[in-house]
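Listed here are the chains, written in short residue letters.
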Amino acid sequence: MNGLDPRAPLVLDTRELGRRPGSQREVSRTVPAPADLGIEVLSVPEGAPVELDLRLEAVMEGVLVTGTASAVLEGECARCLEPIHDELEVTFQELFVYDDIRDSADAEEDDEVSMLQDDLVDLEPLLRDAVVLALPFQPLCQDDCPGLCPECGVRLIDEPDHAHEAPIDPRWAALTKLEQDPTD
Ligand SMILES: [Zn+2]
Ligand SMILES: [Zn+2]
């Protein structure tokens, strides 16, 4: 296991909290978003501020971390490809088990358990999971986005009455083009 960097923005030092069950500490910090925080079509831009409000609580087995994260989102509508600017707020909770009281055989059996490493908590996997879970599978600019016209690609939101009376006959299309652009 690689050591965590205590100065990394998403690494928390729990030493001040102590290990007496019940002791609590509130931590608020703003950190730059790591790369690829989100999904391909909707994510927190790398380096954008992520506001974290965290509560650390010592319990018998380790440290319980409860928090909220808020940040801006950038992406594009899955139907009409219009840029999306949105805000995200997620909550998360995770128990980080003391690495020195848990025997290694147990730890190997269960990869799902988050561990403290030298009293440090790595928030990044937690934040990533919370953000990805909160995002829609197909982001939309608005819930009832009608998308693009399948024939000409116009954004139907901009032109609600948009319709084609009949498929354009290729011969007429050629004529129309001539009329519109006589120099051609
Ligand atoms: Zn849209
Ligand atoms: Zn059309």
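As a starting point, this report considers the structure included with it.

Reading the values: rules and limits
Residues numbered from 1 in each chain as written. Chains lettered and ligands numbered in written order. Predicted model: local features only at pLDDT ≥ 70, side-chain atom pairs only at ≥ 80, totals over all residues. Heavy atoms only, no water. Helix = DSSP H or I, 4+ residues; strand = E, 2+ residues; numbered from the N terminus. Buried < 20%, exposed > 50% of the residue type's maximum accessible area, 1.4 Å probe, protein only. Areas by Shrake-Rupley, 256 points an atom, 1.4 Å probe, with all protein chains shown as cover. Donors = N, O, S within 2.8 Å, 3.2 Å for Na, K, Ca; no water. Tetrahedral: all angles 85-135°; square planar, octahedral: opposite > 155°, others 65-115°. Phe/Tyr/Trp six-rings, centres within 6.5 Å; stacked < 30°, edge-to-face > 60°. Lys NZ or Arg CZ within 6 Å of the ring centre and 35° of its normal.

## Observations concerning the overall build of the protein chain
Link 1 in the chain: When helices and strands are tallied, the protein chain shows 3 helices and 9 strands.
Link 2 in the chain: Reading the helices (α) and strands (β) of the protein chain from amino to carboxyl end gives β-β-β-β-β-β-β-α-β-β-α-α.
Link 3 in the chain: Out of the 184 residues belonging to the protein chain, those deemed buried represent 31%.
Link 4 in the chain: Of the accessible surface of the protein chain, which amounts to about 12100 Å², a share of 48% is contributed by carbon and sulfur atoms.

## Concerning unusual backbone geometry
Link 1 in the chain: Notably, Asp36 is not glycine yet its phi reads approximately 55 degrees, a positive angle.
Link 2 in the chain: Even without glycine at this site, Asp119 takes up a positive phi of about 65 degrees.
Link 3 in the chain: Tracing the chain through its elements places Asp119 in the loop between strand 8 (114-115) and strand 9 (120-122).

## Focus on the coordination of the zinc ion (ligand 1)
Link 1 in the chain: At the metal site, the zinc ion (ligand 1) is ligated by Cys77 (SG), Cys80 (SG), Cys141 (SG) and Cys145 (SG), and these contacts range over 2.3 Å.
Link 2 in the chain: With 4 donor atoms in place around the zinc ion (ligand 1) and angles of 106 to 116 degrees between them, the coordination shape is tetrahedral.
Link 3 in the chain: Read in sequence order, the donor residues for the zinc ion (ligand 1) give the motif C-x2-C-x60-C-x3-C. Accessibility classification places Cys77 together with Cys80 in one group, the buried group.

## Here's the deal with the packing of aromatic side chains
Link 1 in the chain: Tallied over the entire structure, the rule returns 0 aromatic pairs.
Link 2 in the chain: One cation-aromatic arrangement involves Arg19 over Tyr98; the distance from NZ or CZ to the ring centre is 3.9 Å.

## Some remarks on the coordination of the zinc ion (ligand 2)
Link 1 in the chain: Each protein donor to the zinc ion (ligand 2) is listed here as Cys149 (SG), Cys152 (SG), His162 (NE2) and His164 (NE2); together their distances run 2.0 to 2.2 Å.
Link 2 in the chain: Of note is the zinc ion (ligand 2), whose 4 donor atoms meet at the metal with angles of 104 to 117 degrees in an arrangement that counts as tetrahedral.
Link 3 in the chain: One chain supplies every donor for the zinc ion (ligand 2), spaced along it as C-x2-C-x9-H-x1-H.

This is a description of form; function is not addressed.
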